[in-house]
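Each chain, written out:
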Amino acid sequence: MTHLKPKEILNGTINSAAEKAQGSFRKLLILSILAGAFIALAGAGANMAGFYFLAEPETTGIGKMISGLIFPAGLMMVVLAGAELFTGNNLMITAVFAKRIRVRDMLRNWVIVYLGNLIGSLLIAYLVAKSGLLFSGDGLLGQVTLDIAASKVSLTFEQAFIRGILCNFLVCIAVWMASGASSTGGKAVSLYFPIWLFVAAGFEHSIANMFFIPVGIFLEGASQTLNWGGFIGNLLPVTLGNMVGGCLLAGGAYSLVFLEKEKKGTDASRLAG
């Protein structure tokens, strides 16, 4: 089985975006709640897998690498099971550039999906915090969970924004490559490595942070260093960065190359005729 060429992937992405733009509120909300839950569950598993090494500064890299081995399961469930994820849906910008959908239709999808992702993530964060599992490792998992949440809310706006750009560049490239694969195995492999890379590198994903920060708040309760205000303070720049990375560096770049090429080819044909 062959992998689609980039121009073919772009056409498929545009067609998918046009379909997403027509989704009903009920459909988009339910599928986005599922996506938020999938990403949150992957975050819980990633923390459990890597907490021993994440607890010490000198082994942080190993811990992130191990966590990154688990976290791609979240996006695999989103893509293969079928769900709506805000960060992946940033690729809908391709359909706007192609004039297949209106900006307001794309924004409608984003708002509904973002809200649903938040609901799903918060639900799993609450359940994980109340499950007792965070007391694993003599309570070390819980401490690492709190440390991860605190480190995220302590980022400056600029740091969170830049890490958000880099993260969703990779997430959208993962979705892009998976769209070009014709088999389940090919899609899984395409999704796996870019997501592993972003986790190992320490980049920031807005939907993942809807789990990583609230689970710490649910575990400890709001405090001076970890609270809902800090959560919003992280979520805003990370979300904006995710949008830049997904819309411009991924969807925008491929649209610029292949939509322009198609336009020139059409113009040349008209001149020849």
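Trainee: I'd like a rundown of the packing of aromatic side chains, residues and numbers included.
Mentor: Per the stated rule, a full pass over the model turns up 14 aromatic pairs. Residues Tyr 192 and Phe 193 carry aromatic rings whose centres are separated by 5.3 Å and whose planes lie at 75° to one another, so their mutual orientation is edge-to-face. With a centroid separation of 6.1 Å and an interplanar angle of 35°, the aromatic rings of Phe 193 and Trp 196 are classed as tilted. Residue Phe 193 and its partner Trp 196 are both found in helix α9 (residues 184-201); the two are separated by three residues, about one turn of the helix. Taking relative accessible area as the criterion, Trp 196 reaches 23% and is therefore assigned partly exposed.

Trainee: I'd love a proper account of the pattern of salt bridges, names of residues and values included.
Mentor: Scanning all chains against the criterion turns up three salt bridges. With its nearest N and O atoms 3.1 Å apart, the salt bridge here joins Glu 84 to Lys 20. Of the two residues, Glu 84 is situated in the loop between α4 (72-82) and α5 (93-97) and Lys 20 in helix α1 (residues 6-21); the sequence distance between them amounts to 64 residues. Note on accessibility: Glu 84 and Lys 20 belong to one class, buried. Between Glu 204 and Lys 152 there is a salt bridge; the shortest N-O distance is 3.1 Å. Within this pair, whereas Glu 204 is found in the loop between α9 and α10 (206-220), its partner Lys 152 is found in helix α7 (residues 140-153), the two being separated by 52 residues in sequence.

Trainee: Report on the nonpolar core, specifying residues and quantitative values.
Mentor: Within the largest apolar cluster, 76 residues are counted, with the highest numbers of intra-cluster contacts made by Phe 71, Leu 75, Val 78, Ile 101, Phe 198 and Phe 211. If you tally residues by element for this core, the top one is helix α2 (residues 25-54), at eleven residues. Here Phe 211 is in contact with Ala 40, Gly 43, Ala 44, Asn 47, Ser 121, Ile 124, Ala 125 and Val 128, once residues within four sequence places are set aside.

Trainee: How would you summarise the state of the cysteines if you had to cite specific residues and measurements?
Mentor: Inspection of the entire model under this criterion finds zero disulfides. Cysteine Cys 167 is unpaired, with the sulfur of Cys 172 as its nearest cysteine sulfur at 9.1 Å. Judged by relative accessible area, Cys 167 falls into the buried class, the value being 0%.

Trainee: Got a sec to walk through α4? Specific residues and values, please.
Mentor: Within the span of α4, buried status applies to Pro 72, Gly 74, Leu 75, Met 76 and Val 78. Looking at the buried residues of α4, the elements they touch are α2, α3 (60-70), α8 (157-179) and α9.

Trainee: Pulling in residues and values, what's your account of a nonpolar patch on the surface?
Mentor: A cluster of nonpolar side chains, contributed by Leu 123, Tyr 126 and Leu 127, occupies part of the molecular surface with about 300 Å² of accessible area. Here Tyr 126 is to be found in helix α6 (residues 103-130). On the accessibility criterion, Tyr 126 (40% relative accessible area) is partly exposed.

Trainee: Quick rundown of the confidence of the model for the protein chain? Include the residues and the values.
Mentor: Residues of the protein chain with pLDDT of at least 70 account for 95%, and the chain-wide mean is 94. Low confidence marks residues 265-273, where pLDDT is under 50. Its contacts with residues over four positions away, or in another chain, come to zero contacts.

Trainee: Tell me about the packing of α2 against α6, and please be specific about residues and values.
Mentor: Orientation of α2 relative to α6, taken along the N-to-C sense of each, is 40°, at an axis distance of 6 Å. Relative to α6, the element α2 lies oblique. Considering the relative orientation of α2 and α6, their crossing is right-handed. Along its contact with α2, which presents Phe 25, Leu 28, Leu 29, Ser 32, Ile 33, Ala 35, Gly 36, Ala 37, Ala 40, Leu 41 and Ala 44, the element α6 presents Arg 108, Asn 109, Ile 112, Val 113, Gly 116, Asn 117, Ile 119, Gly 120, Ser 121, Ile 124 and Val 128. Of the residues assigned to the contact of α2 with α6, the class counts are 14 nonpolar, seven polar and one charged.

Calculation criteria
Residues numbered from 1 in each chain as written. Predicted model: local features only at pLDDT ≥ 70, side-chain atom pairs only at ≥ 80, totals over all residues. Heavy atoms only, no water. Phe/Tyr/Trp six-rings, centres within 6.5 Å; stacked < 30°, edge-to-face > 60°. Helix = DSSP H or I, 4+ residues; strand = E, 2+ residues; numbered from the N terminus. Buried < 20%, exposed > 50% of the residue type's maximum accessible area, 1.4 Å probe, protein only. Salt bridge = Lys/Arg side-chain N within 4 Å of Asp/Glu carboxyl O. Core = buried A, V, L, I, M, F, W, Y, C linked by side-chain atoms within 4.5 Å. Contact = heavy atoms within 4.5 Å. Disulfide = S-S within 2.5 Å. Patch = residues over 30% accessible without salt bridge, like charges linked within 9 Å, V, L, I, M, F, W, Y side chains within 5 Å. Areas by Shrake-Rupley, 256 points an atom, 1.4 Å probe, with all protein chains shown as cover. pLDDT = per-residue confidence, 0-100. Axes fitted to C-alpha atoms, helices over the stretch in contact; angles between N-to-C directions. Parallel < 35°, antiparallel > 145°, perpendicular 65-115°, else oblique. Left-handed = near helix turned anticlockwise from the far one by under 90°. Nonpolar A, V, L, I, M, F, W, Y, C, P; charged D, E, K, R; others polar.

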